[in-house]
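Descriptive analysis of the structure
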Amino acid sequence: MTGHVLLVEDEPNIAEAIRFILARDGLRVSHLADGLEALAAVRGDRPDLVILDHMLPGLSGLEILSAIRADPDTRTVPVMMLTARGRDREAAERAGADRFISKPFSNAEILAEVRAMMNR
Amino acid sequence: MPFNLLVFACILYVVFLFAVAFIVERRAQAGRLGWLRSPLVYTLSLSIYCTAWTFYGAVGYAARSGLEFLTIYFGPTLVFIGWWWLLRKLVRIGRQYRVTSIADLISSRFGKSNTLGVIVTVMAVVAATPYIALQLQSVVLSFGVFASVTPDGVSPPDPGSTAIWVAVGLALFTILFGTRNLDAKEQHHGIVTAIAVEAVVKLVALLAVGSFVVWGIADGVGDIIARIDASDLSAWQVEPGRWTGLIFLSAAAVITLPRMFQVMVVENDDEGHLARASWAFPLYLMLMSLFIVPIAVVGLDRLPAGSNPDMFILTLPLAEGQGALAMLVFLGGFSSATSMVIVESIALATMISNHVVIPLWLRLRPKAGAGDDLRLVVLNARRLAIAAVLALGYGYYQISGGSAALAAIGLIAFLGVAQVLPALLAGLFWRGANKNGALLGLLTGFVIWAYTSFLPSFGPGAMLSEAVFTQGLFGLSWLRPQALFGTEGMDPMIHALFWSLTLNVIALCLGSLLTFPAPLERLQGAAFVNVFEGAVGPQRWARGQAEPEALLTMAQRILGEDAALTLFQSAARDQGKDGFLPDPTPAFLDTLEARLSGSVGAATAHAMISQLVGRATVTVEDLMAVASESAQIMEYSAQLEAREAELTRTAGALREANEKLMQLSIQKDAFLSQISHELRTPMTSIRAFSEILTEGDLPPEMVTKYGQIIHDEAKRLTRLLDDLLDLSVLENGTVQLTLELASLQQMLDTALTAARQTRPERSFTIHRDLPSEAIYLKTDADRLTQVFINLISNARKYCDAAEPELRIAVRQRAGRVTIDFIDNGKGIPKESQSLIFEKFARLTDANRAGGAGLGLAICREIMTNLGGSVAYLPGQGGAAFRLTVPLRLEKLAA
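Residues numbered from 1 in each chain as written. Chains lettered and ligands numbered in written order. Predicted model: local features only at pLDDT ≥ 70, side-chain atom pairs only at ≥ 80, totals over all residues.

**Quick look at the overall build of chain B**
Scanning chain B from N- to C-terminus turns up 35 helices and nine strands. Looking at the 894 residues of chain B, the share that counts as buried comes to 47%. Summarising the internal contacts of chain B: among those between residues at least 6 apart in sequence, 81% fall at separations of at least 24. (Helix = DSSP H or I, 4+ residues; strand = E, 2+ residues; numbered from the N terminus. Buried ≥ 20, exposed ≤ 12 C-beta atoms within 10 Å, placed from the backbone. Contact = placed C-beta atoms within 7 Å.)

Written out as structure tokens, the structure is:
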């Protein structure tokens, strides 16, 4: 499987786990911890998929998502949100997230979700 | 008697006074004044009325003018017995409004006008300068008397150099003990007690000489009376006009002399003391005057013609070979002079610093920051002023050449300060008296006094030309200084008294009747005149818009950090608030103004608060309150206002409590989801990596790396759970404390080492004062260290300064120890200060630095369990926390 995934996650260990799982499957994974940088990368690099953590320093995941959806150039980029809080899902849905994964997740679960999104 | 022995005795005596003042100061600081704060000490301190002029001069006065010297004692006696109600009102106002000097009283009464403060200050300094010179002269003269009878041929000391040594010594003594405290209302217990001791010495010396004269030289009372009858003294006639004038003058002086005001009003501890003094002080004066006439008569009789009668009291025992007695008298005179100079210069220095130096300083540096400690400026201003006042006195002594003109100067000084009396009395009893009236009256009185009494005292041709004396100013004969408006043939003293005070009063009345007072003057007038009727005056501040933090910063500049924090904390507590920032209610602003007044005077304090409140302080409502002339209505409305203010405040407190509850409820939700997030994060890593590891096919170094991550995250999970458990144990009060004696310094060392591992690692400068940390606390050392680690780690994490610094300051007071942690970052925004001790109150996401947000909540719980507290200290520049712990924690807080 090929493609470019942008991972926005401030917990370095979680980011490393996801990177490992996806890279093992052949995907190119770039990782950023900061919201503003992430927004610039989405506009510049046009990743095939954005995996966005909910709680981030600076801009929150929801704010980044809203910005992505508000920009006509990036409106269609698929976004998967990582949520730790059950009821954050509703807000993420309204902001235009395509999929959700709750922490903690199983490796198989996240891999399956990513594959499904990349194959659309 | 050898001159050196005399100098030695003087020095010994001064050292003794030093010791007395020092010990009393120490006791006052420890709050153990006991009998030192008694009516006896108060009464004795009032005896600075009797200066060297009375001590030596009274006998001379009697020898020259018979019984007229008694008028100087009659005046104060009449005031203390007959005008007791006036003194009581003065003392009440002085205590209630923290009056620092007579200039402050006048300025405060007439709309807190600093112009008036300056005028009274100048008048007081001008009138006091010759008076201080007189004291120096008396000391020099008495030295001279001893030196002239010295048989061993020691040349008499140079009067000028004696005077300068005395002036320098007095300046040092006064600066040492008179400028230790800033708040003039905190009083000078050491000095007052030293003055009381000197009062006893004076009295004992006079009584001893008197007894010696009556029973040693003469043959008892009968013989003395016979001698008096036979002497010229009995031939003196009472001149009713002059007597009345002099009695009135000394009565006015006892109220308005700066030094009398200082001991009577400013240093007063208890209104009850005044009641005792009302008969005890006249008694003291009577004892002081008891032997004056016998000494004068015997002196005239026994001593060679031409001897200075002012020195009879000293020359008589010397001529009779009573060296020890003469020494006692000398010390009595020395006491009279020194006590007067010390108190006078303190009183004048307070006026000069509060009404001249500080207003100038504030005008030049209005925006100085918190670091600019105004207290130091005030103290240094007072020190310089004391030195300057003594230098002026010395200069006057040198210029006047210690001439005979000095002898008359006592009365002239009395008349000078008496010019304040009309404004003072009108201020206390006539609500209609206003600033313009007071200004006009004071200036008129002062000018006429200077023209008719002060300047002529230098003699014709010295300050005023002879032509002015004989033909009047500008050749107008009705402007002759000693015959104003053609009133010829009057005694010059009475002439000056009559015209200066009459015109003073007329100017005061005209000024007050013809001009309209400002609202603040009316409010102050009502408050002063009705001081006994209603303790609740109309609010002088409308609900302020001042920032409490700005007020605190200002208060710290003037009162000092500790006093200001204590004041603000107790005000906040009275309002039912935690921390150090009370609401700027009118009542609080009044309290604050009163406290500041005690340090820098009413006018300056008012100006400083106005600057921060930022608008006119008197509102339409206040004006309406003033307009109702009936005191009862005003008092009633003031009560209503107070009640309404109380209701508004309660409503405000409720609203605040409600807001806090809502915030807490939001926080509780946030707490739960935060816990969930904090738990899920490590769990996510652990689960992901354990799956990766079980799937196999990894190179060994990856296995190690991922295993380490699992380990770290598991530890993080444990730590979070530990914190939560810790907090719940602490909150339930079920915590077990291990009490032991532990070194504060060691605890801080441990904490600093532990906190060094906090992320982010960066260089951090720590300022400690090791000697102050040498304290053994009985407490739970591990728990307290835990709090230290937390606060230090927080500083490391959140301090945003380029070169971060942390200052740890330890102080011990009354069985409690405070430990301040102050960094140099931006500090915590005001709106967050009340939240930081709540659980998960990590301020903003941008500020989060890896903790779970439980640290300060745990700290607060630990401190409560240790019988202490932790609070945010506002106004310190950076973030600042103050821990308070008991020195010895005796039992478990649970």
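**As for the overall build of chain A**
The number of helices and strands found in chain A is five helices and five strands. The helix and strand sequence of chain A, counted from the amino end, reads β-α-β-α-β-α-β-α-β-α. By the burial criterion, 40% of the 120 residues in chain A qualify as buried. When contacts within chain A are restricted to residue pairs at least 6 apart in sequence, long-range pairs at least 24 apart make up 61% of them.

**Remarks on the packing of helix 10 (residues 189–217) of chain B against helix 15 (residues 292–302) of chain B**
All names here are of chain B. Direction vectors running N to C along helix 10 and helix 15 enclose 55°, while the axes themselves pass 9 Å from each other. It follows that helix 10 is oblique to helix 15 by the angle criterion. Note that helix 10 runs across helix 15; the crossing there is left-handed. Here helix 10 contributes Val209, Gly210, Val213, Val214 and Ile217 to the contact with helix 15, which in turn contributes Pro294, Ile295 and Val298. (Axes fitted to C-alpha atoms, helices over the stretch in contact; angles between N-to-C directions. Parallel < 35°, antiparallel > 145°, perpendicular 65-115°, else oblique. Left-handed = near helix turned anticlockwise from the far one by under 90°.)

**Observations regarding helix 27 (residues 586–600) of chain B**
Residue and element names in this part refer to chain B. In this model, helix 27 (15 residues) spans 20 Å end to end at C-alpha, consistent with the 21 Å of a helix rising 1.5 Å per residue. For helix 27, the tally of buried residues reaches eleven of 15 residues, placing the bulk of the element in the interior. Taken as a whole, helix 27 has its buried residues at Pro586, Ala587, Phe588, Leu589, Leu592, Glu593, Leu596, Ser597, Gly598, Ser599 and Val600. (Expected span 1.5 Å × (residues − 1).)

**Notes on the interface of chain A and chain B**
With 15 residues of chain A in contact, the opposing surface of chain B contributes 18 residues. Counting residues per element, the side of chain A that touches chain B draws most heavily on helix 1 (residues 12–24) of chain A, at four residues. Split by residue class, the side of chain A that touches chain B holds eight nonpolar, four polar and three charged. (Nonpolar A, V, L, I, M, F, W, Y, C, P; charged D, E, K, R; others polar.)

**Focus on the sheet that holds strand 7 (residues 816–823) of chain B**
Residue and element names in this part refer to chain B. The sheet built from five strands is open, its strands ordered 4-6-7-9-8 with mixed pairing. Looking at strand neighbours, the two that pair on one side only are strand 4 (765–768) and strand 8 (869–872), the edges of this open sheet. The sheet shows a mean angle of 15° between the axes of neighbouring strands, direction not considered. For strand 6 (residues 805–813) and strand 7, the ladder comprises eight bridges, and the chain directions are antiparallel. When the bridges of strand 7 are listed, Arg813 appears paired with Arg816. (Pairing = 2+ DSSP bridges.)

**A look at the nonpolar core**
Core analysis: the biggest nonpolar cluster contains 245 residues, and Ile106(B), Val209(B) and Ile295(B) have the highest contact counts within it. At 19 residues, helix 17 (residues 323–364) of chain B tops the list of elements feeding residues into this core. Once residues within four sequence positions are removed from consideration, Ile106(B) is found in contact with Leu116(B), Val120(B), Val420(B), Ala423(B), Leu424(B), Gly427(B) and Ala438(B). Core analysis: the second largest hydrophobic core is formed by 41 residues, Ala15(A), Leu22(A), Ala38(A) and Leu49(A) among them. (Core = buried A, V, L, I, M, F, W, Y, C linked by C-beta atoms within 7 Å.)

**A look at the confidence of the model for chain B**
Residues and elements named next belong to chain B. Residue-level pLDDT values for chain B average 78, and 83% of them are 70 or greater. A low-confidence stretch, residues 150–155 stays under pLDDT 50, and its non-local contacts, those more than four residues away or across chains, total six contacts. Across the interfaces of the predicted complex, the ipTM metric reaches 0.92, alongside a pTM of 0.62. (pLDDT = per-residue confidence, 0-100.)

**Observations concerning the sheet that holds strand 5 (residues 99–102) of chain A**
Residues and elements named next belong to chain A. Taken in spatial order, the five strands line up as 2-1-3-4-5 in an open sheet, and their pairing is parallel. The sheet is open, and its two edges are formed by strand 2 (28–32) and strand 5, each paired on a single side. Across the sheet, the mean angle separating the axes of adjacent strands is 20° when strand polarity is ignored. Strand direction decides the pairing type here: strand 1 (residues 4–8) and strand 3 (residues 49–53), joined by four bridges, are parallel. What sits directly across from Leu6, in strand 3, is Val50. Across the sheet, helix 1 lies against strand 1, strand 2 and strand 3, angled at about 165° from strand 2, the strand it touches most. Contacting strand 1, strand 2 and strand 3, helix 2 (residues 35–45) runs over the sheet at an angle of about 165° to strand 1.

**Structural notes on the confidence of the model for chain A**
Looking at chain A as a whole, its pLDDT mean stands at 86, while 94% of the residues score no less than 70. Of all secondary-structure elements in chain A, the lowest mean pLDDT belongs to helix 4 (residues 88–95) of chain A, at 77, while strand 1 of chain A reaches the highest, 93.

**Some remarks on the pairing of strand 6 of chain B**
Residues and elements named next belong to chain B. Both strand 4 and strand 6 contribute to a ladder of four bridges, which runs parallel. Bridge assignment links Arg768 to a residue of strand 6, and that residue is Ile808. Where strand 6 folds back onto strand 7 in an antiparallel hairpin, the turn is made up of two residues, including Ala814, whose phi is positive at roughly 50°.

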